[in-house]
Amino acid sequence: MNRFKDQSLQSIFIQIVVCISILLYTLQDGHANEPDKHKKLLVLPFAIHSETDIDYMRTGIKSMLFSRLSQIKDLECIDYEVTFPNSTYQRKTSYDMQFLNEVSQASSSHYVLTWSLTVIGKQMSIDANLYCVQSNKVVMNFNHMFEKQDQIVHFSDQLANEIIRYFDALNPNTLQASESEKMNPSKVWKSDIYKGFIKGFCVVDADGDQKKEIVWITDEFLNVYRKVENDFVRVFRKKIAPYEILLSIDAADMNHNKIPELYITAIRAHSSRVNSFVIEWNGNEYERLVKKQPWFFRIQSSPTSQPVFLGQKQGITSCGFSSGLYVLGWDDGKINALKKKEIPDNTDIYKFIWGDILHTGEQVLLTYAARGSLEVYDPNNNLVWSGGTQYGGESVYLDCPKKGSSEPADRIYLNPRMIIADIDHDTKYELIVVSNYDGASRLLTRYRHYTRSHVEILCWNNNHFVQKGISPSMTGFISDISLTDMDNDGYDDLVMAVNEYSGVLDQDPKSYLLIAYRANEAFSTNRKSSME
């Protein structure tokens, strides 16, 4: 009996040892098979092409770049000049793919950065390319032109920002951590996922019952939903006529009957000519007040003034924007142009917003410039500031067919909405802006391929914008945003339309709505790095 007991204990002991051994082996093997998150970036020498001697700036700019990139998680920056001190390539003016592959292999790097400064007369340009070894292509392109030498450091900083944003979007583990760190889940509500691409939305109280409805448009429907506690209830839905393509939607009571109208920009499907209309809730459904309007509509809201009703017409020979922007108004049931507004060249009705974003008491104009960088113009439309970081990211477009040509139609993209508001009640206005990451850096004229997106809160700090808050990164892209008090608790909430598919070629788009309650608290304020 004792012998049997001893044998049983011995057997149990052996089983325990075996189990522990298997467990330890599994853990070790698991670590061995984990994907290597560590990436290496080889930074090639900073090439300067200039008739004047400004080589003295090279060391300082290089040190600044390495310092900024050191904050990227799981990224090791390799200095080419240190790793290959005797290389004949250190002052090479251009690099081909063969060379990039050779040096990446020699340094075991996953990425290679080429960057340069070119000075021709008064014009200066910083150019950079981020090359990915695995895909054998350039995955990020940066270029910015300027005239003042003291801006070299400024735009070198912008280059660092772009690289940081690229690797932040690339690392899914970092993004997942960000979601728990940057946004309080108890302050976020997410709708069901709906079929279709949400092109735009607005928040209204159509019947004056102090309950907000969200109205959004897709290619097929105009949808009106109301959030009742945890339920999202459909109030109204209307199918879009096949000959109409809806582009944008805004809401405001501009005819002063205490019922907000919906201003919907639309085009005819066969001709791409503007065919906008206005609808209003009659107690049972939305009915059209006016139709066949030749205007692109936009309602500009400001924290210091009443909403402004703006319109811009189409070109006579082109389906793009004409040069005139007008303040519109109602008269005897009709929409009329009241006053022409001058705006900078290459700016259209969807690119800009007015507001006291510089904290000077003046209403300046903030606009998207080339490829989504930001520019600020004074009341006389003189450029006072220009940034280099990409924001925005267009997703809604209209095609302009070329008459008598078999070539693809020109594609005109409409920029996403920007918001100016004092979100944290510190008496200084902030900018709320979308940032959609396009894998092709928006270099393709007809297509966008957005992989991730987020919203940033920026605040002016003497001579540039600094990041005051940032949302978690989301798969897909954000097409529209709205700042409003959804639950009537006295605090502003940020509503976002998130489209899950990542490009205009997707045949099965899906979307959802996201509400960040008390937006100033829901967004992270830990990472206050300079963004401009």
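Everything numeric here is computed off the predicted structure, so don't read it as measured data.

Student: Sorry if this is basic, but what is going on with the overall build of the protein here?
Tutor: A count of helices and strands for the protein gives seven helices and 33 strands. Long-range pairs, those at least 24 residues apart, make up 52% of the contacts in the protein between residues at least 6 apart in sequence. Carbon and sulfur atoms make up 50% of the accessible area of the protein, which amounts to about 26300 Å² in all.

Student: What's the story with the sheet that holds strand 13 (residues 261–268) in this structure? I'm lost.
Tutor: For sheets, the rule is that strands pair by backbone hydrogen bonds, running either parallel or antiparallel. On the basis of which strands lie adjacent, the open sheet formed by four strands has the order 12-13-14-15 and antiparallel pairing. Lying at the two open borders of the sheet, with one neighbouring strand each, are strand 12 (244–252) and strand 15 (286–293). The average undirected angle you get between the axes of adjacent strands in this sheet is 20°. Of the strand pairs in this sheet, strand 14 (residues 276–281) and strand 15 are connected by five bridges, and their pairing is antiparallel.

Student: Help me out: how do you make sense of the environment of L366 in this one?
Tutor: The residue L366 is located in strand 21 (residues 364–368) in this model. Each C-alpha atom of the pair L366 and I353 lies 5.4 Å from the other, and the pair is 13 residues apart in sequence. Contact partners of L366, with chain neighbours within four places excluded, come to K351, F352, I353, L374, E375, V376, M418, L431 and F465.

Student: Just to check I follow, could you spell out the pattern of salt bridges for this structure?
Tutor: When the charged atoms of two side chains with opposite charge come close together, those side chains can pair. By the definition in use, this model includes 17 salt bridges. D79 serves as the salt-bridge partner of K62, at 2.6 Å between the closest nitrogen and oxygen. Here D79 lies in strand 2 (residues 75–79) and K62 lies in helix 2 (residues 57–69), a separation of 17 residues in the sequence. Grouping residues by exposure puts K62 and D79 together as buried. E213 is paired through a salt bridge with R226; the nearest N and O atoms lie 2.6 Å apart. Taken together, the residues E213 in strand 9 (residues 213–217) and R226 in strand 10 (residues 221–228) connect sequence positions 13 residues apart. The exposure class of E213 is buried, given its relative accessible area of 3%. R226 gets classed as buried once you look at its relative accessible area, which sits at 17%. Salt bridges sharing common partners tie together D207, D209, E213 and R226.

Student: I would appreciate a short explanation of the sheet that holds strand 3 (residues 111–120) in the present structure.
Tutor: In space, the five strands of this open sheet follow the order 2-1-3-4-5, with mixed pairing throughout. With partners counted over all chains shown, the strands left at the sheet margins are strand 2 and strand 5 (137–146), one partner each. Between one strand axis and the next, the sheet turns by 20° as a mean value, whatever way the strands run. Across ten bridges, the pairing between strand 3 and strand 4 (residues 123–132) is antiparallel. Opposite T118, over in strand 4, you have S125 as the bridge partner. Seen against the sheet, helix 4 (residues 97–107) touches strand 1 (39–49), strand 2, strand 3, strand 4 and strand 5 and runs at an angle of roughly 130° to strand 1.

Student: Quick question: what am I supposed to make of the environment of E51 here?
Tutor: Along the chain, E51 turns up in the loop between strand 1 and helix 2. Residue class for E51 comes out exposed when judged on its relative accessible area of 81%. Residues E51 and G121, spaced 70 residues apart in sequence, show a C-alpha to C-alpha distance of 8.6 Å.

Student: Help me out: how do you make sense of the pairing of strand 11 (residues 231–239) in this one?
Tutor: Successive side chains on a regular strand alternate, one facing one side of the sheet and the next facing the other. Where strand 10 and strand 11 come together, eight bridges link them in antiparallel fashion. Within strand 11, the position partnered with K227 by the bridge is F232. Linkage of strand 10 to strand 11, two consecutive antiparallel strands, is achieved through a turn of two residues, within which E229 is found at a positive phi near 55°.

Student: What is the right way to read the packing of aromatic side chains from this model?
Tutor: To describe a pair of aromatic rings, you give the distance between the ring centres and the angle between the ring planes. Under the defined criterion, the tally for this structure stands at 30 aromatic pairs. Look at W189 and F232: their rings are 5.0 Å apart centre to centre, the planes differ by 65°, and that puts the pair in the edge-to-face class. Here F232 lies in strand 11 and W189 lies in strand 6 (residues 188–190), a separation of 43 residues in the sequence. Accessibility assignment for this pair places W189 and F232 in one class, buried. Geometrically, the ring pair formed by F236 and W281 is edge-to-face, given 5.9 Å between the ring centres and 85° between the ring planes. Here F236, found in strand 11, pairs with W281, found in strand 14; they are 45 residues apart in sequence, far enough to count as distant. A relative accessible area of 12% means that W281 is categorised as buried. What links up through ring pairs into an aromatic cluster is the set W189, Y194, W216, Y225 and F232. The side chain of R237 reaches across the aromatic face of F221, ending 4.1 Å from its centre.

Student: What exactly am I supposed to notice about the pairing of strand 13 here?
Tutor: Among the eight residues that make up strand 13, seven are buried, leaving the element largely enclosed by the rest of the structure. Across eight bridges, the pairing between strand 12 and strand 13 is antiparallel. Counterpart to A251 in the pairing with strand 13 is L262. Of the strand pairs in this sheet, strand 13 and strand 14 are connected by four bridges, and their pairing is antiparallel. Bridge assignment links Y263 to a residue of strand 14, and that residue is V278.

Student: Please clarify how unusual backbone geometry should be interpreted in this entry.
Tutor: If a residue is not glycine, its phi is most likely negative; likewise, a peptide bond is most likely trans. Here Q210, not a glycine, exhibits a phi torsion of approximately 70°, which is positive. Topologically, Q210 is positioned in the loop between strand 8 (200–204) and strand 9. Its identity as a non-glycine residue notwithstanding, N462 has a phi of 70°, on the positive side. Along the chain, the position of N462 falls in the loop between strand 28 (450–460) and strand 29 (465–470). What makes N462 exposed here is its relative accessible area of 70%.

Student: I keep staring at helix 4 and nothing clicks. Help me out?
Tutor: At 3.6 residues per turn, the α-helix brings residues three or four places apart onto the same side. Listed as buried for helix 4 are F99, L100, V103, S104 and S107. When helix 4 is viewed along its axis, its buried side chains cluster within an angular range of 125° and face the same direction. Summarising the geometry of helix 4, the exposed residues directed more than 90 degrees from the buried face are Q98, Q105 and A106. Elements in contact with the buried residues of helix 4: strand 1, strand 2, helix 3 (80–83), strand 3 and strand 4. The first or second residue beyond helix 4 is S108, which carries a positive phi of 55°.

Reading the values: rules and limits
- Residues numbered from 1 in each chain as written.
- Predicted model: local features only at pLDDT ≥ 70, side-chain atom pairs only at ≥ 80, totals over all residues.
- Heavy atoms only, no water.
- Helix = DSSP H or I, 4+ residues; strand = E, 2+ residues; numbered from the N terminus.
- Contact = heavy atoms within 4.5 Å.
- Areas by Shrake-Rupley, 256 points an atom, 1.4 Å probe, with all protein chains shown as cover.
- Pairing = 2+ DSSP bridges.
- Axes fitted to C-alpha atoms, helices over the stretch in contact; angles between N-to-C directions.
- Salt bridge = Lys/Arg side-chain N within 4 Å of Asp/Glu carboxyl O.
- Buried < 20%, exposed > 50% of the residue type's maximum accessible area, 1.4 Å probe, protein only.
- Phe/Tyr/Trp six-rings, centres within 6.5 Å; stacked < 30°, edge-to-face > 60°.
- Lys NZ or Arg CZ within 6 Å of the ring centre and 35° of its normal.
- Arc of directions from axis to C-beta.

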